[in-house]
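If you want the building blocks of each chain, they are given just below.
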Number of protein chains: 2
Amino acid sequence: MKQDKILVIGAGAIGGFYGALLAKAGSDVSVVCRSDYEIVKKQGFTIDSTKLGQWTFKPSQVLNNAADYADNADYIFLCTKVIPENNRAQLINKAVRANTCIVIIQNGIDIEQELVDAFPNNEIISGLAFICCNKIKAGAIHHLAYGKLTLGSVTHPSDKPLHLSNLIKKTGIESNISDNIISSRWLKCLWNAAFNPLSVLSSGLSTQKILSIQEPLIRTIMQEVCAIAQDCGHPLPADSIDINISNTQTMPPYKTSMLLDYQKRQPMEIEAILGNTIRIAKKHGTACPTLDTLYALMKLKEKSKYPEKP
Amino acid sequence: MKQDKILVIGAGAIGGFYGALLAKAGSDVSVVCRSDYEIVKKQGFTIDSTKLGQWTFKPSQVLNNAADYADNADYIFLCTKVIPENNRAQLINKAVRANTCIVIIQNGIDIEQELVDAFPNNEIISGLAFICCNKIKAGAIHHLAYGKLTLGSVTHPSDKPLHLSNLIKKTGIESNISDNIISSRWLKCLWNAAFNPLSVLSSGLSTQKILSIQEPLIRTIMQEVCAIAQDCGHPLPADSIDINISNTQTMPPYKTSMLLDYQKRQPMEIEAILGNTIRIAKKHGTACPTLDTLYALMKLKEKSKYPEKP
């Protein structure tokens, strides 16, 4: 069987971890990482996983820029943050060939169309990482829990999502295929829209602590997301909220990605997670006053000068 | 004319400043202050006012406790924070005589009844301080701007509000009488319910900055307060919101009292300003999803360990 050529663009915690898994499964994996380029070039990634143990992932090529990729990618895994500062099509453009399938492993709602428009002839797979995984320092990734990768094509049915899913499963990490990846994305948004902003606005309380003090607020936020998902044609299962809440109660202590970004004074995925969700609500006339408030508060918060003390 | 005996209980920025004014106007003013007792006992208060200049206010008696007041108070000015930790009736109880009129200069909504119930035979005046005034260190008060004191009896009509108002006006600070002090309190709540929580949740952005980034959120909050006030029988003038917003735009840079409390890790007036407002809304069936969200977020925030860096 031919070895897949995979280029991971945005090799932070998520990109680095799944890149390492795909390499473990036998693929030829290269990475584009900007902030940690020097150290990853020299040492590769150190992965410390509570499930799979410790190992070092040495990418085939470590690059500063997708344009430097000296190969023909079967798959590009796009794993950067989704923030207005990142032009995602531009980030990957130079490495996309006719046969390249683009796999989006990113947070947020309504983040596929931009790439479908930019690369109308390429297959595009949307992916959701249900994982607790942090970059603890340059080139060092800590995988705390979970890891399931859900994949589904957003352009045309093919066997590629299943193929990638099988590669991941070979490594001992869960993976599945979603026939409706957009609905699955809404399901993930339920958690993200609640816990990401609240972890920042509460000055870094843990997800469990937030839940123990303000479960009603969490439920209100999730109900609003459910209503929006329903109104735009992606109704979520009736027990989605209860399942999300009970899962969070048993999660290990975890800092959300927005909280990590805020504490590092890096751009937060406010638009991808809250802004896009609210814009869909407005389009369909769905009321979401709690999300409106969180969004406005997060836009204030990103303008503040003083992050919380570490 | 007989000199009024006035006891100020809770001589922080507000209590210290109006106590100093009443002394300036010729009254015999004593204070109960707990945290700054030693220094005020020794040096009195230093008042630095952009309107009235600098002076020292030496109270007749400086006390740790109202029970130590060696006199018969014509007026008790109650100026502590309104927080669940403070039993306000108990704080003043030992100094209340048959003739004592209780003057409440405190923040919040629905804060009078507790005292009316505890002292059913005493006249109770409710007061609103429209002032930018901070304690900059123990015994030192900085009066930045404004200062109008609005007074109105909540028990029975008398000439006492007018008498006190005239004393204040003698010092060059504005004061007036409200025939419906409860409606006036709702009008003040408009500003407090918006800017106090937002200054904390935004990590200390100035009121002007908040307004420049999120005027729509401010208006939404104020509209909810207007609706609640209306539904409980205190309709506010139609231009209240516009006036509040344009006044805030021309205010000097100001830290709200909640922000100061949060930064000092002291209890915030979340219940007095938001909790009581929301409980009245629930009683009357008035929807206030934005206030609900702010209240829940502030309850999370007060549980957080890390205040913003100074």
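Scoring rules and cut-offs
Residues numbered from 1 in each chain as written. Chains lettered and ligands numbered in written order. Predicted model: local features only at pLDDT ≥ 70, side-chain atom pairs only at ≥ 80, totals over all residues. Heavy atoms only, no water. Helix = DSSP H or I, 4+ residues; strand = E, 2+ residues; numbered from the N terminus. Buried < 20%, exposed > 50% of the residue type's maximum accessible area, 1.4 Å probe, protein only. Contact = heavy atoms within 4.5 Å. Areas by Shrake-Rupley, 256 points an atom, 1.4 Å probe, with all protein chains shown as cover. Lys, Arg positive; Asp, Glu negative; His and termini not counted. Charge placed at Lys NZ, Arg CZ, Asp CG, Glu CD. Disulfide = S-S within 2.5 Å. Buried area = accessible area lost by both parts, 1.4 Å probe. Salt bridge = Lys/Arg side-chain N within 4 Å of Asp/Glu carboxyl O. Polar contact = N/O pair within 3.5 Å; in protein donor to acceptor, adjacent residues only side chain to side chain. Pairing = 2+ DSSP bridges. Expected span 1.5 Å × (residues − 1). Least-squares fit on C-alpha atoms with pLDDT ≥ 70 in both. Phe/Tyr/Trp six-rings, centres within 6.5 Å; stacked < 30°, edge-to-face > 60°. Lys NZ or Arg CZ within 6 Å of the ring centre and 35° of its normal. pLDDT = per-residue confidence, 0-100. Axes fitted to C-alpha atoms, helices over the stretch in contact; angles between N-to-C directions. Parallel < 35°, antiparallel > 145°, perpendicular 65-115°, else oblique. Left-handed = near helix turned anticlockwise from the far one by under 90°. Nonpolar A, V, L, I, M, F, W, Y, C, P; charged D, E, K, R; others polar.

## So, the overall build of chain A
If you tally the helices and strands in chain A, you get eleven helices and ten strands. A principal-axis box enclosing the C-alpha atoms of chain A has dimensions of 50 × 40 × 35 Å. Relative to its full complement of 310 residues, chain A shows a buried share of 58%. Sequence separation of at least 24 residues holds for 71% of the intrachain contacts in chain A that already meet a minimum separation of 6. Taken as a whole, chain A presents about 12,500 Å² of accessible surface, with 51% of it coming from carbon and sulfur. Taken as two groups, the 33 positive and 28 negative side-chain charges of chain A have centres that lie 7 Å from each other.

## Observations concerning the environment of A:Val225
All names here are of chain A. With respect to the helices, strands and loops of the structure, Val-225 is situated in helix α7 (residues 207–231). Counting along the chain gives 51 residues from Val-225 to Asn-276, while the straight-line C-alpha distance between them is 12 Å. Not counting the four nearest positions on each side in its chain, Val-225 is found in contact with Trp-186, Cys-189, Leu-190, Ala-193 and Leu-291.

## Things to note about the environment of A:Ala13
Residue position: A:Ala13 is located in helix α1 (residues 13–24). Those residues in contact with A:Ala13 that lie beyond four places of it in its chain are A:Cys133, A:Asn134, A:Lys135 and A:Ile141.

## Let's talk about the side chain of A:Asp261
Locating A:Asp261 in the fold gives a position in helix α9 (residues 257–263). The residues touching A:Asp261, leaving out its near neighbours within four places in the chain, are A:Lys81, A:Gln266, A:Pro267 and A:Met268.

## Describing the state of the cysteines
Within this structure, the stated rule accounts for zero disulfides over all chains. Cysteine A:Cys132 shares no disulfide, and the gap to the nearest cysteine sulfur, in A:Cys133, comes to 8.8 Å. The class of A:Cys132 is buried, set by a relative accessible area of 3%. No disulfide involves B:Cys79; its nearest neighbouring cysteine sulfur is the one of B:Cys133, lying 11 Å away.

## Considering the interface of chain B and chain A
Opposite the 26 residues of chain B that make contact, chain A presents 26 residues. The contact between chain B and chain A buries some 2,500 Å² in all, and 71% of this surface belongs to carbon and sulfur atoms. Counting across the interface, chain B meets chain A through zero salt bridges. At the junction of chain B and chain A, the tally comes to eight residue pairs in polar contact (both at pLDDT 80 or more). Residue assignment for the side of chain B that touches chain A shows that the elements contributing at least two residues are α6 (181–201), α7 (207–231) and α11 (289–301) of chain B. Considering every element that reaches the side of chain B that touches chain A, the biggest residue donor is α11(B), with nine residues.

## Regarding the pairing of strand β2 (residues 28–32) of chain B
When a strand is regular, its side chains alternate between the sheet's two faces. All names here are of chain B. Taken across its five residues, β2 has five buried, putting it largely inside the fold. Burial along β2 is two-sided: Asp-28, Ser-30 and Val-32 and Val-29 and Val-31, pointing in opposite directions, are all buried. The pairing of strand β1 (residues 5–9) with β2 spans five bridges and is classified as parallel. Across the sheet, Val-8 pairs through a bridge with Val-31, a residue of β2. Bridge count between β2 and strand β5 (residues 62–63): two bridges; the pairing is parallel. For Val-31, the partnering residue across the bridge sits in β5 and is Val-62.

## Quick look at helix α11 (residues 289–301) of chain A
With 13 residues, α11(A) extends 18 Å from end C-alpha to end C-alpha; this agrees with the ideal 18 Å at 1.5 Å per step. Turning to α11(A), its buried residues are A:Thr290, A:Leu291, A:Thr293, A:Leu294, A:Tyr295, A:Ala296, A:Leu297, A:Met298, A:Leu300 and A:Lys301.

## A word on the relation of the copies chain B and chain A
Note on the identical chains: chain B maps onto chain A by a rotation of 180 degrees and an axial translation of 0.1 Å, with an RMSD of 0.0 Å. Taken together, the rotation angle and the small translation identify this as a two-fold axis. With an isologous cut-off of 70% or more, the 100% of interface residues of chain B that recur at the interface of chain A puts this contact in the isologous class.

## Things to note about the packing of aromatic side chains
Aromatic rings in a pair are described by how distant their centres are and how their planes are angled relative to each other. This model, assessed by the stated rule, comprises six aromatic pairs over all chains. Taken together, a centroid distance of 5.3 Å and an interplanar angle of 75 degrees make the contact between B:Phe17 and B:Tyr18 edge-to-face. When sorted by exposure, B:Phe17 lands in the same class as B:Tyr18, which is buried. A cation sits over an aromatic face here: A:Lys24 above A:Trp55, 4.2 Å from the ring centre.

## Comments concerning unusual backbone geometry
For residues besides glycine, phi is generally negative; the peptide bonds are generally trans as well. Residue and element names in this part refer to chain A. Look at Ser-203: it is not a glycine, yet its phi comes out positive at around 65 degrees. As for its position among the elements, Ser-203 is in the loop between α6 (181–201) and α7. The backbone phi angle of Arg-265 is positive, close to 60 degrees, even though this residue is not glycine. Considering the arrangement of structural elements, one finds Arg-265 in the loop between α9 and α10 (270–284).

## Considering the side chain of B:Ser178
Residue and element names in this part refer to chain B. Secondary-structure assignment places Ser-178 in the loop between β10 (175–177) and α6. Within the structure, the side chain of Ser-178 is placed 2.7 Å from the side chain of Ser-184, a separation counted as a polar contact. Ignoring any residue separated from it by four or fewer positions in sequence, one finds Ser-178 in contact with Thr-150, Leu-151, Gly-152 and Ser-184.

## Considering the pattern of salt bridges
Residues and elements named next belong to chain B. A full pass over the atoms with the stated rule returns 24 salt bridges over all chains. The residue Asp-261 makes a salt bridge to Lys-81 at a minimum N-O spacing of 3.2 Å. Here the residue Asp-261 occupies a position in helix α9 (residues 257–263), and Lys-81 occupies one in the loop between β6 (75–78) and α3 (88–93), the gap between them amounting to 180 residues. Residue class for Asp-261 comes out buried when judged on its relative accessible area of 8%.

## Describing the confidence of the model for chain A
A residue-level look at chain A finds 98% of positions with pLDDT of 70 or above and a mean pLDDT of 95. Across the predicted assembly, pTM comes out at 0.90 and ipTM at 0.87.

## Brief notes about the pairing of strand β4 (residues 53–57) of chain A
Residues and elements named next belong to chain A. Note that strand β3 (residues 45–49) and β4 share five bridges and pair antiparallel. Note on β4: the bridge partner recorded for Ile-47 is Trp-55. Counted along the chain from β3 to the antiparallel partner β4, the turn is three residues long.

## Description of the packing of α6(B) against helix α8 (residues 240–249) of chain B
Residue and element names in this part refer to chain B. Closest axis-to-axis distance for the α6/α8 pair is 10 Å, and the angle between their directions is 55 degrees. The orientation of α6 with respect to α8, classified from their angle, is oblique. Note that α6 runs across α8; the crossing there is right-handed. Across the interface between the two elements, Leu-187, Leu-190, Trp-191 and Phe-195 of α6 pack against Ser-240, Ile-241, Asn-244 and Thr-248 of α8. Among the residues making up the contact of α6 with α8, the classes are represented as five nonpolar, three polar and no charged.

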